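Here are the chains, one letter per residue:
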Amino acid sequence: MSVLSQVWCRSLLLCSLLCSALIQLHARPANMSALREKNANTKDENEILPPDHLNGLKMEMDGHLNKDFHQEVFLGKEMEEFDEDSEPRRNRKKLIDIFTKVDFNEDKSVSAKEMQRWIMEKTKEHFQEAVRENKLSFRAVDPDRDGHVTWDEYRVKFLASKGLNEKEVAEKIKNNEDLKVDEETQEVLESLKDRWFQADSPPADQLLNEEEFLSFLHPEHSRGMLKYMVKEIVRDLDQDGDTKLTLSEFISLPVGTVENQQAQDIDDDWVRERKKEFLEVIDADGNAIVTMEELEEYMDPMNEYNALNEAKQMIAVADENQNQSLELEEILKYSEYFTGSKLMDYARNVHEEF
């Protein structure tokens, strides 16, 4: 075989291997939207669009369980400081510092009540962060700085974030001309419009002030908008139209085509987790039916009873000596559960550092 032919064959083989790797990388069940990147949109678009993910809520806007919930309510605003690339010793030091703060009575163990108190504090941190971000977002959509935003003002900014010319869009809206947007963008606009008017507190004036705009972006800040969010989730899951959820309805969102064994395992885990959450947490009265009221209580991030249940669950995961509390060694050993970061050498010099 000539040298040229050998080079060509090797290039062809390399291309085949790359294509195979890419196929393996992207093969996944259709219900894996909960694993998508939470910051996939552009920065400008994120500033004015309601986020798909809300920190400190047990369920996503699309009805998926929040896979990062434990870390969010344990770490609060410090969550971003723990990442897989961080040096283990530094992360261990941070975790020890957190333990000392959670251990309110300084008895070197964390009780369910102490963990509940900590969870409520961290949830409030997420609330405060949302309020700070909302101030910037509101300024971005309130060009005349009159303290109120009309639906048309918001629509102009949204379409501009999608790449349309802001001045041309504003002129067309002013003259009631057809905007000629694609079908997907039109669907998003209609959904946003419905949400916009839900956030408009009585008496409705079709204007949103800064507080109402916060409810528009973050429904967890408003009881009325939390009800709306629950209603939307139930609508998407409810198959028989009775505005209630059975176990089969709750775990069937949305089962897609599984393309390989790894994806099948992920899909099975997803169904198993939803079944456990439905039976042990959401269905408060144990009648195998979840009402909108039950789902609303489950979704409420400031529900102290939920925080206590979550505290007990978190303790149960790592409570190896079964004393219904957590010692430092246990939290360090199960660091991946609490922080998303694995400490390979968690036991080394624990007592000395503490």
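Just above, that's the structure.
Throughout what follows, the structure given in this document is the object of discussion. (Residues numbered from 1 in each chain as written. Predicted model: local features only at pLDDT ≥ 70, side-chain atom pairs only at ≥ 80, totals over all residues. Heavy atoms only, no water.)

Applying the stated criterion across every chain yields a total of 18 salt bridges. Put simply, Glu320 and Lys333 hold a salt bridge, and the shortest N to O gap is 3.0 Å. Within this pair, whereas Glu320 is found in the loop between α14 (304-318) and α15 (328-333), its partner Lys333 is found in helix α15, the two being separated by 13 residues in sequence. Within the structure, one salt-bridge network assembled from shared partners comprises Arg223, Lys227, Glu296, Glu297 and Asp300. (Salt bridge = Lys/Arg side-chain N within 4 Å of Asp/Glu carboxyl O. Helix = DSSP H or I, 4+ residues; strand = E, 2+ residues; numbered from the N terminus.)

Right, let's get into the nonpolar core. Membership of the largest hydrophobic core comes to 27 residues, with the highest contact counts inside it found for Phe74, Ile98, Val102, Met115, Ile119, Leu326 and Phe338. Mapped onto this core, the elements with two or more residues apiece are α3 (69-75), α4 (88-102), α5 (112-141), α14 and α15. Top element by residues in this core is α14. It accounts for six residues. When neighbours within four sequence positions are excluded, Phe74 is seen to be in contact with Leu95, Ile98, Val102, Met115, Trp118, Lys122, Met314 and Phe338. Core analysis: the next-biggest nonpolar cluster, separate from the first, contains 23 residues, Ile48, Val156, Leu208 and Met225 among them. (Core = buried A, V, L, I, M, F, W, Y, C linked by side-chain atoms within 4.5 Å. Buried < 20%, exposed > 50% of the residue type's maximum accessible area, 1.4 Å probe, protein only. Contact = heavy atoms within 4.5 Å.)

Their axes nearest at 9 Å, the elements α5 and helix α9 (residues 210-217) cross at an angle of 110°. The angle between α5 and α9 falls in the class roughly perpendicular. The segment α5 lies against α9, with Ala130, Val131, Asn134, Lys135, Ser137, Phe138 and Val141 engaging Glu210, Phe213, Leu214 and Leu217. Of the residues in the contact of α5 with α9, the class split is seven nonpolar, two polar and two charged. (Axes fitted to C-alpha atoms, helices over the stretch in contact; angles between N-to-C directions. Parallel < 35°, antiparallel > 145°, perpendicular 65-115°, else oblique. Nonpolar A, V, L, I, M, F, W, Y, C, P; charged D, E, K, R; others polar.)

Take the packing of aromatic side chains next. The tally for this structure, following the rule as stated, stands at twelve aromatic pairs. Residues Phe250 and Phe278 carry aromatic rings whose centres are separated by 5.6 Å and whose planes lie at 45° to one another, so their mutual orientation is tilted. With a gap of 28 residues between them, Phe250 in helix α11 (residues 247-251) and Phe278 in helix α12 (residues 261-282) connect regions that are remote in the sequence. Looking at Phe250, the relative accessible area reads 2%, which means it is buried. Considering the side-chain rings of Tyr337 and Phe338, the 5.1 Å spacing of their centres and the 85° angle between planes classify their relative orientation as edge-to-face. An aromatic cluster of at least three residues, connected via ring pairs, comprises Phe138, Trp151, Tyr154, Trp196, Phe213 and Phe216. Over the ring of Phe250 we find Arg274, and its NZ or CZ is 4.1 Å from the ring centre. (Phe/Tyr/Trp six-rings, centres within 6.5 Å; stacked < 30°, edge-to-face > 60°. Lys NZ or Arg CZ within 6 Å of the ring centre and 35° of its normal.)

This part is about the packing of helix α8 (residues 183-199) against α9. Any two packed helices are characterised by the angle at which their axes cross and by the distance between the axes. For the pair α8 and α9, interaxial distance at closest approach is 9 Å and the crossing angle is 135°. In terms of axis orientation, α8 runs oblique to α9. In the packing of α8 onto α9, the handedness of the crossing is right-handed. Listed contacts from α9 to Leu192, Arg195, Trp196 and Ala199 of α8 are Glu212, Phe213, Ser215, Phe216 and Leu217. For the contact of α8 with α9, a count of residues per class yields six nonpolar, one polar and two charged. (Left-handed = near helix turned anticlockwise from the far one by under 90°.)

The topology assignment puts Val234 in helix α10 (residues 223-237). It is 9.7 Å that separates the C-alpha atoms of Val234 and Val290, two residues lying 56 residues apart in sequence. The residues touching Val234, leaving out its near neighbours within four places in the chain, are Thr243, Lys244, Leu245, Met292 and Leu295.

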